[in-house]
Amino acid sequence: MELVEKRIIVTGCASGMGAATVRAYVKAGAQVVGMDIAETAGSQVCADAAGPGTSTFLPVDVANGDQVTEVFAAAVDSLGGLDALAHPAAIHAGNSASDVTSTDWDRLFAVNVRGTMLTNQAAHPYLKEAGGGAIINFGSISGQRPEPGAAAYSATKGAVHAWTRTAAGTWGSDNIRVNAVLPAIRTPMFLAAKEGLSDEELNVKYWRNEQSIALGQEYGDPDTDLGPVMVFLASDASHFITGQLIPVDGGQGNVR
Ligand SMILES: NC(=O)c1ccc[n+]([C@@H]2O[C@H](COP(=O)([O-])OP(=O)(O)OC[C@H]3O[C@@H](n4cnc5c(N)ncnc54)[C@H](O)[C@@H]3O)[C@@H](O)[C@H]2O)c1
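For clarity, every value in this text was computed on a predicted model and none was experimentally measured.

Definitions and cut-offs
- Residues numbered from 1 in each chain as written.
- Predicted model: local features only at pLDDT ≥ 70, side-chain atom pairs only at ≥ 80, totals over all residues.
- Helix = DSSP H or I, 4+ residues; strand = E, 2+ residues; numbered from the N terminus.
- Buried ≥ 20, exposed ≤ 12 C-beta atoms within 10 Å, placed from the backbone.
- Contact = placed C-beta atoms within 7 Å.
- Axes fitted to C-alpha atoms, helices over the stretch in contact; angles between N-to-C directions.
- Left-handed = near helix turned anticlockwise from the far one by under 90°.
- Nonpolar A, V, L, I, M, F, W, Y, C, P; charged D, E, K, R; others polar.
- Expected span 1.5 Å × (residues − 1).
- Core = buried A, V, L, I, M, F, W, Y, C linked by C-beta atoms within 7 Å.
- Pairing = 2+ DSSP bridges.

Chemist: What is the right way to read the environment of Gly220 from this model?
Modeler: Take Gly220: it is sitting in the loop between helix H7 (199-205) and helix H8 (222-234). For Gly220, a count of 22 C-beta atoms within 10 Å puts it in the buried group. Separated by 133 residues in sequence, Gly220 and His87 have C-alpha atoms that sit 19 Å apart. The residues contacting Gly220, other than those within four sequence positions of it, are Ala184, Ile185, Arg186, Asp225, Leu226 and Gly250.

Written as C-alpha cells, this is what we have:
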C-alpha cells in the first residue's frame, strides 16, 4: 500500500478530509498537487505535510471548467504525469424539501456535481496515458437515505454516486477505477452542519447520525480513520475494486 512514485491530485486540500488525504499520501511517498479554492489554508496544508513524498499547491474552483482544465494541465506538467485523483472538494448547506431555493440548489450542484464531472473528466486522459489509475470521489450516506435538514446536498451526493458508477463502467477499459468514499468523519463541514441544533433537532434533522455509528457512536478522525483508506484506494492493492460506494463510517449506514 505504498505510494512511492505515484503522482496524485487532491482537491479540497485546505480542510478536513482533503487535508488529511494530502498528509496520508505524502507520508506514503507520493508526489502530490493539492488544490482548493481557499488559497492560504491550502498552501499551508501542502507546505506542512511531512515526507518522504512531496506536495505543492495550486488554487482552483472545481465548478469552473476552464480553470479545472488549465490547473490540471499545470499540475500534471509539474508531476510528470498522473496516477490518481482524490476529489473531496464540496460544499454543504442546510435546507429542506419545502424551502430549498433554486439559487441554493444550483450552487450546490455546481460545486458538488459539476465539480465531480469536471475534475474526473480532466483527469481521465492523463490517467489513460499513464496506463490506468484511480479516481476517488466523495459520496455520502445523505445520498442513500433521506436527509431532512439538507435536501439539495443529499440530492448532489445521490448524483455523485450515479456518476461514479457510470464513469467506472466507461473508463474500466482504460484500466481506470472510479470509486466513492462515503465518510462519517469529524471535519469543519460536519461541525458546521451540526452547529446550533438542539439534541431534539439533531435527532430529526441529523437522522441520529452519531447514535448509529456502531464503532463508538462518534464521527471518525480524518487522519487515523480515513487517511489509510485513501492510501489503499490510490494504491495498486485496490486494483480490482471499481464502481463501489465504500462507507468509511464506523457502521453508520448499514448497522443503524
Ligand atoms: N464530514 C463528513 O462526515 C462527511 C460525510 C459525508 C460526506 N462528506 C463529504 O466528504 C468530502 C470532504 O468533506 P469535509 O468534511 O472534509 O469538508 P470540509 O468543508 O472540511 O472541506 C471541503 C474543502 O473543499 C473546498 N472547496 C469548497 N468548494 C470548492 C470549490 N468550488 N473549488 C475547490 N475547492 C472547494 C473547501 O475550501 C474545503 O477546503 C465532501 O465531499 C463531503 O461532502 C463528508
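Chemist: Help me out: how do you make sense of the packing of helix H1 (residues 16-27) against H8 in this one?
Modeler: The description of two helices packed together rests on the angle between their axes and the distance between the axes. At a minimum axis separation of 8 Å, H1 and H8 run at an interaxial angle of 60°. Judged by the twist between their axes, the crossing of H1 over H8 is right-handed. Contacts from Gly16, Met17, Ala20, Thr21, Arg23, Ala24 and Tyr25 in H1 reach Pro222, Asp223, Leu226, Gly227, Pro228, Met230, Val231 and Ala234 in H8. Across the contact of H1 with H8, the residue classes tally to 10 nonpolar, three polar and two charged.

Chemist: Help me out: how do you make sense of H1 in this one?
Modeler: At 3.6 residues per turn, the α-helix brings residues three or four places apart onto the same side. Between its first and last C-alpha, H1 extends 17 Å over 12 residues, near the 16 Å set by a 1.5 Å rise per residue. Buried residues dominate H1, accounting for 11 of its 12 residues. Buried residues of H1: Gly16, Met17, Gly18, Ala19, Ala20, Thr21, Val22, Arg23, Ala24, Tyr25 and Val26, and no others.

Chemist: Any chance you could explain the nonpolar core here in plain terms?
Modeler: Note that soluble globular proteins tend to have their nonpolar side chains buried in a common cluster. Ranked by internal contacts, the top residues of the largest apolar core, which has 75 residues, are Ile8, Ile9, Val22, Tyr25, Ala123 and Ala234. It is helix H4 (residues 102-129) that provides the largest number of residues to this core, a total of eight residues. Setting aside anything within four residues of it in sequence, one finds Ile9 in contact with Val33, Met35, Phe72, Ala75, Leu82, Leu85 and Ala123.

Chemist: Sorry if this is basic, but what is going on with the sheet that holds strand E5 (residues 133-138) here?
Modeler: The parallel open sheet is built from seven strands, whose spatial order is E3-E2-E1-E4-E5-E6-E7. Here the strands that pair on one side only, and so sit at the sheet edges, are strand E3 (54-59) and strand E7 (245-248). Here the average twist between neighbouring strands, direction ignored, is 20°. As paired strands, strand E1 (residues 7-11) and strand E2 (residues 31-36) are joined by five bridges and run parallel to one another. The residue bridging Arg7 from the neighbouring strand is Gln31, located in E2. Together, E2 and E3 form the strand contacts of helix H2 (residues 39-48), whose direction differs from that of E3 by roughly 170°.

Just distances and angles here, no functional claims.
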